[in-house]
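Secondary and tertiary structure notes
Spelled out from the first residue to the last, the chains are:
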Amino acid sequence: MSDVVLFERRGPVALLTLNRPDRLNAWTGELGERYYDLLDECAGDPDVRVIVVTGAGRGFCAGADMEDLQGIGGAQRDDVVSAAKPSRPVYHATTLPKIVIAAVNGACAGLGFVHALMCDIRFAAEGAKFTSAFSRRGLIAEWGSSWVLPRLVGPARAMDVLASARVFLAEEAHEMGVVNRVLAPEELLDETLAYATDLATNVSPASMAVIKRQIWDDYGRSLPEAHEESVRLMFESFTRPDMKEGVMSFVEKRPPDFPPYQP
C-alpha cells in the first residue's frame, strides 16, 4: 500500500495527510490516485462522517512535481500528459456526500491550491503562503480554478490572484474569502479536527450531504430554481429519521444519535 497519502481515523473523522514532505507534498500521479481512492473509501464508510485533508511537514501541497512538468513541451509530452491525467476529476472531493475540510499548514501552490479550493471548507496556518503559480509558468487557470475562485472571492479578486499568480499569505486569503479561519500553526490541526468532530457528532450526516450538494449545484441555478429545489428537499427531509432525532434530542436535552447517511 502506498504511503504517499496517509490515512488515520480520529473517531468519526478521517484524516488524510499528503505525505511527500521532502518535496513539500508536490503532486504526482501516484499521490493523486491514492488521494482519490481514500476519498472514495471514506465516502463509502458509514463510520466516517467528515474528512480532513492536510500536508506532512512544512507544506500543504506545492503543486505538480516539477520533475514531472519538465517533460511537457518536449518529446515526452504525450507520455507525461497521459501519466498525469487522473482517473477521477480534480473536483472529485466536491462530489462526495461528506464535508471535506482542508487544513492548509504551509505552502499551497498551483495544483495544491486548486485541490484546497475543491474542499468544502478551508482553515489555514498563520503565514501560510498561497499562489496559483500558473501564469508564471506559462500556463492558464487550470483544473476549474477559474470557475471556483470567482465564486469564493468575486471576479476582480479572482482575476488578480489567477492573472498575477502572486504569493499571498493566509491572513489575506481569509480577508478575501479563500479560507474560513486562520489559526496558529501549532493549533491548526487540533482546531480543524475539533471543528470536524463537532460536525460529525452533532450534525445530521444527511443534512450535511444535502446542503453540500445544494451549495455546489446552486452555483448554476437561478434564485427561483434554487428556491424550488430547496422546497422539494425540505419536504423530503421531513420523511427522514434525522428530523425526528434532531427534534427529540433537542427536547430531551441530549446529544443526537443520527444514523449514517443513506443516499
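Residues numbered from 1 in each chain as written. Predicted model: local features only at pLDDT ≥ 70, side-chain atom pairs only at ≥ 80, totals over all residues. Heavy atoms only, no water.

**Some remarks on the nonpolar core**
Note on soluble globular proteins: their nonpolar side chains tend to be buried together. What counts is decided by this rule: In plain words, nonpolar cores are sets of buried Ala, Val, Leu, Ile, Met, Phe, Trp, Tyr and Cys residues tied together by side-chain atoms within 4.5 Å. Throughout this description, buried means an accessible area under 20% of the type-specific maximum (1.4 Å probe, protein chains only), exposed means over 50%, and partly exposed covers the range between. Helix and strand definitions here come from DSSP, where helices need a minimum of 4 consecutive H or I residues and strands a minimum of 2 consecutive E residues; each element is numbered from the N-terminal end. It only takes one pair of heavy atoms within 4.5 Å for two residues to be counted as in contact.
Counting residues in each nonpolar core, the largest one holds 48 residues, and the members touching the most others are Tyr35 and Phe130. Looking at this core, the element that brings in the most residues is helix α1 (residues 29–44), giving 6 residues. Sequence-distant contacts of Tyr35, that is, excluding residues within four places in its chain, are made with Val5, Leu16, Leu18, Trp27, Val53, Ala93, His115 and Cys119. One finds Val13, Phe123, Ala125 and Leu188 within the second-largest nonpolar core, a separate group that totals 17 residues.

**Some words on the pattern of salt bridges**
To be explicit about the condition: The salt bridge definition used is simple: a Lys or Arg side-chain nitrogen within 4 Å of an Asp or Glu carboxyl oxygen.
Scanning the entire structure with this criterion turns up 16 salt bridges. One salt bridge connects Arg240 with Glu236, and the closest N-O pair in it is separated by 3.1 Å. Overall, the relative accessible area of 21% leaves Arg240 in the partly exposed class. Measuring nitrogen to oxygen at the nearest pair gives 2.6 Å for the salt bridge that ties Glu252 to Arg254. The class of Glu252 is partly exposed, set by a relative accessible area of 42%. We classify Arg254 as partly exposed; its relative accessible area is 31%. Taken together, the shared-partner salt bridges connect Glu33, Asp37, Asp40 and Arg88 into one network.

**Comments concerning a nonpolar patch on the surface**
As a reminder of what qualifies: Every patch collects residues that have over 30% relative accessible area and no salt bridge, joining them within 9 Å if they carry like charges and within 5 Å if they are nonpolar side chains (Val, Leu, Ile, Met, Phe, Trp, Tyr). Using a 1.4 Å probe, accessible areas were evaluated by the Shrake-Rupley method; residue-level cover was limited to the displayed protein chains.
A contiguous nonpolar patch, built from Met234, Phe235, Phe238, Met243, Val247, Phe250 and Val251 and spanning about 720 Å² of accessible area, is present on the exposed surface. With 4 residues, helix α11 (residues 241–251) is the single largest residue contributor to the nonpolar patch.

**Details of the sheet that holds strand β7 (residues 121–125)**
Just so we agree on the cut-off: Strand pairing requires that DSSP identify at least two bridges connecting the strands. Angles run from 0 to 180 degrees between N-to-C directions of axes, and those axes are lines fitted to C-alpha atoms, restricted for helices to the stretch in contact.
With respect to topology, 6 strands assemble into an open sheet ordered β1-β2-β3-β5-β7-β10, the strand pairing being mixed. Pairing within the sheet leaves two strands with one partner each, and these edge strands are β1 (5–10) and β10 (181–183). Neighbour-to-neighbour, the strand axes of this sheet turn through a mean angle of 20°, independent of strand direction. Where β1 meets strand β2 (residues 13–18), 6 bridges bridge the pair, whose relative direction is antiparallel. In the sheet register, Val5 faces β2, and the bridge partner there is Leu18.

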